[in-house]
Each structure stands twice: as structure tokens, then as C-alpha cells.
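For reference, the chains in residue letters:
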There are 4 protein chains.
Amino acid sequence: MSQTRERLPAQVAAGSPGAGGSEGSMSSGRPAGAARPPGRPRSERADKAIVEATVDLLAEEGGVAGVSIEAVAARAGVGKTTIYRRWPNKEALIIDALAALKEPFPAPVGASVREDLIAIAQAFVSNKTDKKRLDCYWSIMGGAERYPELMARFTREVIEPRRDVIRTVLRRGVTAGELRPDLDVETALWLIMGALAQRARAFGAGPVPDDFAARVVDALMTGIAAR
Amino acid sequence: MSQTRERLPAQVAAGSPGAGGSEGSMSSGRPAGAARPPGRPRSERADKAIVEATVDLLAEEGGVAGVSIEAVAARAGVGKTTIYRRWPNKEALIIDALAALKEPFPAPVGASVREDLIAIAQAFVSNKTDKKRLDCYWSIMGGAERYPELMARFTREVIEPRRDVIRTVLRRGVTAGELRPDLDVETALWLIMGALAQRARAFGAGPVPDDFAARVVDALMTGIAAR
Amino acid sequence: MSQTRERLPAQVAAGSPGAGGSEGSMSSGRPAGAARPPGRPRSERADKAIVEATVDLLAEEGGVAGVSIEAVAARAGVGKTTIYRRWPNKEALIIDALAALKEPFPAPVGASVREDLIAIAQAFVSNKTDKKRLDCYWSIMGGAERYPELMARFTREVIEPRRDVIRTVLRRGVTAGELRPDLDVETALWLIMGALAQRARAFGAGPVPDDFAARVVDALMTGIAAR
Amino acid sequence: MSQTRERLPAQVAAGSPGAGGSEGSMSSGRPAGAARPPGRPRSERADKAIVEATVDLLAEEGGVAGVSIEAVAARAGVGKTTIYRRWPNKEALIIDALAALKEPFPAPVGASVREDLIAIAQAFVSNKTDKKRLDCYWSIMGGAERYPELMARFTREVIEPRRDVIRTVLRRGVTAGELRPDLDVETALWLIMGALAQRARAFGAGPVPDDFAARVVDALMTGIAAR
DNA sequence: CGTTAACCGAGACGGTACGTCTCGTCTTCAG
DNA sequence: CTGAAGACGAGACGTACCGTCTCGGTTAACG
């Protein structure tokens, strides 16, 4: 309305800051040749702290509603102003913060499809930051109807890349003859991902046992029908 | 502080209302012989409207936070007082309201395990009230850390019965020789339930196709490995 | 803008609630015959706590700027809403709260003008609630240019009544022949009030000695000129 | 933390710039023989403008809270940095700025004590810069509890010198036999100063009439008691 | 003429208060 | 007991300043 906000679209949480850029001389993401804007530059520390606090709260509080700007500010040790200077509202902040979870997933190339799948599945349910990702997943999915854009972006940038890793392994398996030639890859994906996500959230059933990933993969590989 | 609340523990949403009870004159479940409490009896219409509104909101708003007593009252056409007289707080209301989703699931006994599984799966993702149940599932799971009791009760009273139906079918299949004798029933359960729940929530991928249930069951039956 | 505020102009801090009204049947300041408005009535406890907190803060913080609605709410143990329901903004609140300091000042009728004046003066600088009044006086006068209405009302309702008491005593003294027949009453008023107010604020000079009032009155009575 | 501030303690607002010093070549108060510090010297224009703006704001806004560094900078046509380089915080600035009001008060030596007192009193309430002084007086006294140091210093450096002038005149009067030999000088001081200060602030009573000073002095001289 | 440092402008920082809003709870009324 | 109405305390919202701090670019004096 009468704001000088949105100086530049935050360019936040760059993840892999890209190539071996010579940080310092040319510094943060401004198009080459553009003059540094006047005034004190925005603090990268604040950027990071805000995004991290947001993600943590989203994971812990279990829902977009549990993430209040005030809580984010308090947890990040930052003034509310500093947040509003960068994002116009809560939803925008969360959408951007999700990018912090993008970090690429290394596709393991092991001896066999089975081993690869188990390794990936293992990571999903045991790895520390993947655990936070999973909490965010449930938080966002729970409120999906209210924040469709949020879900869309999270799906596109975080979920799909992970599904892609498995998809690739499955396709490789088909090509290599390890998997059935008429395999319905997408259905298999739903099966394996669904089992992992759901089991990880089923607190009542206790922590996920170490061999759960292997059991899931094996059951899926051999099928349940008698032969 | 100075309340006469909690006259009886609500005895709400009786599920299958049972028998041909003469609604009106003698009404709700008081043990025979117990004297009717003095004063105007509580309205069963209100009870039902409140519970239904609660469940609807939980499904639609996607989260416990989205269910406000205010909204429930408005949607049920009821005063906030009327709700407050029956339940001490929001969580109690939701916990009780979930009982409305308990309605037993008929285990089909068809020609084969495969057909039974497909029928059950079909119901999960296509049936109207099962859809609402699924929405509630995601809403509750999303905020599970904040309301563990809620999740526990929902799991116990709504989820488990449904898992039990499948569990029974699987066991029958093993006994009948249709399924592998060494079948890991629990793992198979996670696979099938996870796939259905997750696919139903993946709005981006479009509505669940009619043959999805069959594809899931078949994939799981035959396995994905080449033979 | 879109408010239902200002149901009735607060009718706050009634001071002497007037006559021996039969509190209970007809209760708080609503014109006879007017129906009680629906809904929960406003809390008189809150009214009082807010006004008292406001006056205290004004006296302690030394200035209108030091009185923040949030501080008032916190000190009164009241939600901000409860304040805003009654007054549209800070200035209105303070203006109204000043009425709490109105409480009439009893004009003593002693043996002589001198004794009366000393008694009054004594009260001004030693009495507890008159001390608070004096603090408010300085707070308001300090910011007089910014809040002229505040000063005007405070002068009219709190200061002038007190000046009137002295004025009356002085006039009585003239009539009785105790004071000079050509006495300039107003100038004498400025002298006595000014001395008291200023001395009370001069922290550096230590607390006001007990005989200060007497010394002031005597000096003024006899004059400083040699005779 | 990493500041080079406080190069020299401001040495600001020299008041009577002292003698007919050859401003320009050797300029402001550095001890003779001390080498001029390197770099661009601080602007005296800025010094003066800042101090003046501060005093003006204090007088106009009626309170320490009304003096914001931002407003001072704007009014002085100076960057906030420039202020911050000289004073560590707002209170220090105001304390220093008050020195600008120190300017000595010439004690008139007229025909009689009465005439001297009237002349001084006249100056207090009519003189232009003394008016500003008076406004500052009220501003500071209003917030005295919050900024005791401010009040202490203002009292010591601005108020007391003025009281001293009157004190001297009164003492001279006693010695000369014009005033009562047993005169309580301090009490007389409170009376005369209080009357002037208070009347000057009483906007409601209109501007101070020209003969007010004379009326006050006369009333005090002759006393109010009949004889 | 180059070094040095103060200058000004601009804007980000953490903080506090604003006035508005919605929520869960509580209280009173009329029926 | 019911519904309506509305007050209560709590606390988040997004805005506006404040005092402080940190930059870039400029300007004045010294060597």
C-alpha cells in the first residue's frame, strides 16, 4: 500500500549457492553489473535464522496455523520487522522457507535395485533432516485444502525430486531385467512411498524398526501371492 | 468455576442408532430404571448437528486449529453455550466427534482374496463418507504432535478397525493358500494402506482413477521383481 | 469503521455514585426505564482496574507518552480488547481516567484563615492520593502543548476545585477582616499554589519538610518587606 | 563494539564563545599545543544546529519522549549518523543540549529591591528565550522520575543560577534594611518562582499580563494580612 | 596529491506499541 | 435447557516509529 518493501525477492536460502563462485568480491545474488543498493545490506544471518526457525516450527507445531510470525521472530532472535521486510505475509514466508528443504537427494548406485531401494527407504525414515522434512510433509498435507499453493510447491520442489530418485532406480531395474518388464512404475511408487511415510507417523506403533525399509522393499519385490 | 456442566458424559453420536427406539418420549441411553434428570432434556438434534459440524469442519479446514467452537456453533445453528455445556473444551469435542466416524466397515467375502482387497480399497478412496474419514485422517495426523490423545483415539477407534478388516482378509488368504505362507501381514498392511491414503491426498495428480485400487492390489500380489 | 463499540459512554469511575441508590434492583448508571442491554454486562472491576492503572502509570511514568495501552492492560490484569471496547484511543482513556482524581476536597473551617490555609497546604504536599494527583499534574502540564484538551479538562475538573477552596478561604478572610481589604486574591493564589507545587517536585532539595506549609503561609501573610 | 566514537567530549555549544578569539585559524576548544586531529574536522554548524533543534523540540513537544533523534536530525538538516557520532544516546544529547540554556542571567542593580525583583520576574515570563527555557523546564520536570540525571543537571546549571540571582537580591535587601531582618529567603524564593512558573503555563488563564510580575512582587512584599 | 577521517544519505537491525481481529471461555437474558 | 448476545483475557496480525548500526560515496584538511 505505501511500502518500500520487496527490494529484491529475498533470494533466500540459496541451498547450493551455485558453482564455485568467488564469494566476497561479487557477493550475494545480484545480477552482475547491478550496483549494490544504498544503505545497510540485509543480513544473511537473519535470512538463515528466519528460514530455519520457520521450518522448525512447521515441523514441530504440526501445521501452518502453528507457525506465527511472532514465534518465528522470537525463535530466530529477530524483529518482526525484519521478517516483514522480506516477505509480505506468513504464507509467502513458508513457501519460501520450504526451499530450504530442497537439498538434492543423492541417488545411490549399488549392486542391485533391491539394495538401492532399501538404502533410499532407510534414509527417508531414519535420517535426521529427512525426519524434519517428513514432519513438514505431514504438516503441509494436513492443511492442504487451505493452502493449495503451499502444497503444490512443496510437492513440486521437495516431494517429486525424491520420488524421481526412486522412479529412476525402478526404471533402471526394468531395463536391467531385474524388475518385471511390464512394471507399473507409478503404482509401485505410491506403494513404497506411502508405506514409509505412514509408518513413520504411526507413533503408537513405536519407532520405526531398523529393518522396516528392507521388509517393505522385499514384500514389494516378491509380492504377496503364493506361487 | 461455577458450572453445572457434564451432567452425563454426553453419550453422543450413538453410531448405528440401533433398534426401533421410540425417539421422543423416552429418548437417549439412560439405564432402565434410572430417573430422568429434572429440567428440560438436552436436545438430540443439537447433539447430532454439533458432531456433524465438527467432523465436517475438521475434514474441510484441514486441521484441529481450523475447527473453532465459533464455527462449529454457527454451522450447527447452535449457541456456543450449548456446545460448552456438553464438552469441557475443543479437544474433548473433537475426540468425541470422531466416534461419529466409527461406523463399522463391512468385510466383504467374495470369491477371492484379490477381489476382497480390491473391494475394500475401492471403498476407501471412492466412497463418500470414507472420503470424509480420509480428510479427517490427514487433518489429525498433521497435528499429531500437538494432540497425541486425539491421534491415539482416532487410530484406535477408526483406523485400526479398518486395518483389521484387511488383516483378516490377508490371514484368510494365507490359510486358504492364496497368499504366501510366510507372508509378513503387517508390512503388507502398511504398503496397501499407505498407497491408498497418499494417493487420495495427491491432488496434483488428479482424482483417483477407478482402477487404482485394482492396480495397487495386483502390484502387491504379484510383486515387482522379474521371475 | 466496522465497530460495534461505544455501547454507552463507559460511565466510568463514578466517584460518588450519588445518593443512597438501591444498588441491585436498578443497578449501574442506566437511565431509569432503559432495558438492560443483552449479553454479559461489562465488568465494573475491569473499569476500576483500568482507570486506576492509567492514573498510576501517568503519575509514575511522568507523561502521557509513558502511558501505553499495553502497559495499562498488563497492570490492570485486563485484555487490550477490554480497554478498546470502552475508549477509542489513549487520549480518551486518560481524559476519562482523570475524573478518578476529581474527588472533592473538604474545605476546613478552623479558628483562623492562617490555620485553614496551612491545613490545606499541608494536605497538598503530604497526603498520599494528593501526591499522586500532584504527579499527574506535572505529567500533564509537561506535555500540555501536545494534549491541550487533556490539560483543559484536568485544570477544570481537578485543579480549579482545589484553587476554589483556597479562594474561598481567602475571601472569607477579607470579609472577616483578617486579610487586607484590598487583597489581590488571584495573585495570592498563584503564589501559594506555585510554591507548593514546585517545592513538591524539587527532589534535589529533599522531601518537603513538615513545616513548609506553615512557612509559606506565614511568609505570605506577613510579607517580606521591612516595616 | 567497533566504534571510534567520542573522539572528544563534544565540547558543544560554547555559550559565550569567549573573548574576541580569532575564530577560524585555531578554532574550537582544543588545549593549546594539542595537535589538530587528522581528517576532516567536525562541523561546528552541525553542532549548533543539532543542539538548537534539540532544545526547540524539547520545548515544543513537551517531553523527553517527544525528542526523537530522527526529528532532531531532520530539523537540524543533519544525518542521524552525525548525531550518533557525537553523543552516545538521546539522554546524553539532551543533557548536553541543556547547556545551551545556561547563558548567564544579568542581575540588575536598580534603585530598590522591589524594582530589581520586578525586572527579573518580568524577564522570566516575557523574554523570548526565557520562554523557551520555561517550556523546557516543564518538559523536564514532567518526566523527572524517568530521567533524574536530566533533572539534576538542568536544576544545577539552569535553574539554580536563576534562583541565585533572586537570592542575591533578597539578601542584599535584608542587608540594606529594605526587607525584614528575619526573612526566610528560601521560602520567599519558592513563592516567587513558583508563582511565575505556574502562571506562565496556565494557558487557560490567557497570556501573562504585563503587570503580573509587579503584582506578585508587591503581594509578596507587603503580605496579605491586614495590619 | 594522496591519506585520513568526518561528512551525509540511505536503509537494515531488534524492539515496542499501536489498533484490529479472532478465539475459547464465561455470564446474563428471555423464553 | 435453549439460543442469542456479548464481555472477558489471550495473543497474533501487520504497521509505524525509535534508537542503533553499517554501508557507499563525498568532502575537507593535512602532509
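Residues numbered from 1 in each chain as written. Chains lettered and ligands numbered in written order. Predicted model: local features only at pLDDT ≥ 70, side-chain atom pairs only at ≥ 80, totals over all residues. Heavy atoms only, no water.

- Identification of chain A as TetR family transcriptional regulator from Actinoallomurus iriomotensis is taken from an unreviewed UniProt entry.

Observations regarding the interface of chain D and chain C
Argument step 1. Listed per partner, the contact involves 52 residues of chain D and 52 residues of chain C.
Argument step 2. For the pair chain D and chain C, the two sides together bury roughly 4400 Å², of which 61% comes from carbon and sulfur.
Argument step 3. Considering only the side of chain D, the residues that lose the most area to chain C are Trp190(D), Gln198(D) and Ile224(D), jointly responsible for 19% of the buried surface there.
Argument step 4. One can count three salt bridges joining chain D with chain C.
Argument step 5. Applying the counting rule to chain D against chain C returns 27 residue pairs in polar contact (both at pLDDT 80 or more).
Argument step 6. For the side of chain D that touches chain C, the secondary structure elements donating two or more residues are helix H1 (44–61), helix H6 (128–142), helix H7 (148–176), helix H8 (185–201) and helix H9 (212–222) of chain D.
Argument step 7. If you tally residues by element for the side of chain D that touches chain C, the top one is H8(D), at 12 residues. (Contact = heavy atoms within 4.5 Å. Buried area = accessible area lost by both parts, 1.4 Å probe. Salt bridge = Lys/Arg side-chain N within 4 Å of Asp/Glu carboxyl O. Polar contact = N/O pair within 3.5 Å; in protein donor to acceptor, adjacent residues only side chain to side chain. Helix = DSSP H or I, 4+ residues; strand = E, 2+ residues; numbered from the N terminus.)

Digging into the relation of the copies chain A and chain B
Argument step 1. Of the two same-sequence chains, chain A is brought onto chain B (RMSD 0.1 Å, axial shift 0.1 Å) by a rotation of 180°. Given the turn and translation reported, the copies of this chain are related as if by a two-fold rotation axis. By C-alpha distance to the rotation axis, the residue of chain A lying nearest is Gly223(A), at 1.6 Å. (Least-squares fit on C-alpha atoms with pLDDT ≥ 70 in both.)

Points about the relation of the copies chain D and chain C
Argument step 1. The two copies are related by a screw motion: chain D maps onto chain C through a turn of 180° and a shift of 0.0 Å along the axis, at an RMSD of 0.1 Å.
Argument step 2. With an isologous cut-off of 70% or more, the 100% of interface residues of chain D that recur at the interface of chain C puts this contact in the isologous class.

Overview of helix H8 (residues 185–201) of chain A
Argument step 1. For H8(A), spanning 17 residues, the distance from its first C-alpha to its last is 25 Å, which sits close to the expected 24 Å at 1.5 Å a residue.
Argument step 2. For H8(A), the buried fraction is high: 15 of the 17 residues fall into the buried class. (Expected span 1.5 Å × (residues − 1). Buried < 20%, exposed > 50% of the residue type's maximum accessible area, 1.4 Å probe, protein only.)

Comments concerning the interface of chain A and chain B
Argument step 1. Taken together, the contact between chain A and chain B spans 51 residues of the former and 52 residues of the latter.
Argument step 2. At the boundary of chain A with chain B, total buried surface from both sides reaches about 4400 Å², with 61% on carbon and sulfur atoms.
Argument step 3. When the buried area of chain A at its contact with chain B is split by residue, Trp190(A), Gln198(A) and Ile224(A) rank highest and sum to 18% of it.
Argument step 4. Inspection of the region where chain A meets chain B yields two salt bridges.
Argument step 5. The partner of Asp184(A) in a salt bridge is Arg215(B), and the shortest N-O contact between them spans 2.6 Å.
Argument step 6. Between the two partners, chain A and chain B, sit 26 residue pairs in polar contact (both at pLDDT 80 or more).
Argument step 7. Mapped by element, the contributors of at least two residues to the side of chain A that touches chain B are helix H1 (44–61), helix H6 (128–142), helix H7 (148–176), H8 and helix H9 (212–222) of chain A.

Points about the pattern of salt bridges
Argument step 1. Inspection of every chain in the model, using the stated rule, returns 75 salt bridges over all chains.
Argument step 2. Put simply, Lys132(C) and Asp56(C) hold a salt bridge, and the shortest N to O gap is 2.7 Å. On the criterion of sequence distance, the pair formed by Lys132(C) in helix H6 (residues 128–142) and Asp56(C) in helix H1 (residues 44–61) is long-range, its members being 76 residues apart.
Argument step 3. Given the relative accessible area of 29%, Lys132(C) is considered partly exposed.
Argument step 4. The salt bridge partner of Lys102(D) is Glu157(D), with a shortest N-O separation of 4.0 Å. A residue pair is termed long-range when its members are at least 10 positions apart, and Lys102(D) in the loop between helix H4 (90–98) and helix H5 (113–126) and Glu157(D) in helix H7 qualify at 55 residues.
Argument step 5. Through salt bridges with shared partners, a single ionic network connects Glu160(A), Arg163(A), Asp164(A), Arg167(A) and Glu186(A).

Comments concerning the packing of H5(D) against H9(D)
All names here are of chain D.
Argument step 1. Look at H5 against H9: their axes get within 8 Å of each other, and the N-to-C directions meet at 140°. As summarised for this structure, H5 and H9 are arranged oblique, according to the angle between their axes. Pair H5 / H9 crosses with right-handed handedness. Across the interface between the two elements, Arg-114, Leu-117, Ile-118, Ala-121 and Gln-122 of H5 pack against Ala-213, Ala-214, Val-217, Asp-218 and Met-221 of H9.
Argument step 2. A class-by-class count of the residues in the contact of H5 with H9 yields seven nonpolar, one polar and two charged. (Axes fitted to C-alpha atoms, helices over the stretch in contact; angles between N-to-C directions. Parallel < 35°, antiparallel > 145°, perpendicular 65-115°, else oblique. Left-handed = near helix turned anticlockwise from the far one by under 90°. Nonpolar A, V, L, I, M, F, W, Y, C, P; charged D, E, K, R; others polar.)

Examining the environment of Glu160(D)
All names here are of chain D.
Argument step 1. Along the polypeptide, Glu-160 turns up in helix H7.
Argument step 2. The class for Glu-160 is partly exposed, based on a relative accessible area of 25%.
Argument step 3. Ignoring sequence-local partners within four residues, the contact set of Glu-160 consists of Thr-155 and Arg-167.
Argument step 4. Within polar-contact distance, the side chain of Glu-160 engages the side chain of Arg-167 at 3.4 Å.

Observations regarding the UniProt feature "DNA-binding region" (unreviewed entry) in chain A
Argument step 1. UniProt feature "DNA-binding region" (unreviewed entry): in the numbering of this structure it lies at residues 68–87 of chain A.
Argument step 2. End C-alpha atoms of residues 68–87 of chain A are separated by 13 Å, and the span's content is 65% helix alongside 0% strand. (UniProt positions renumbered as here; feature names shortened; annotations may be inferred.)

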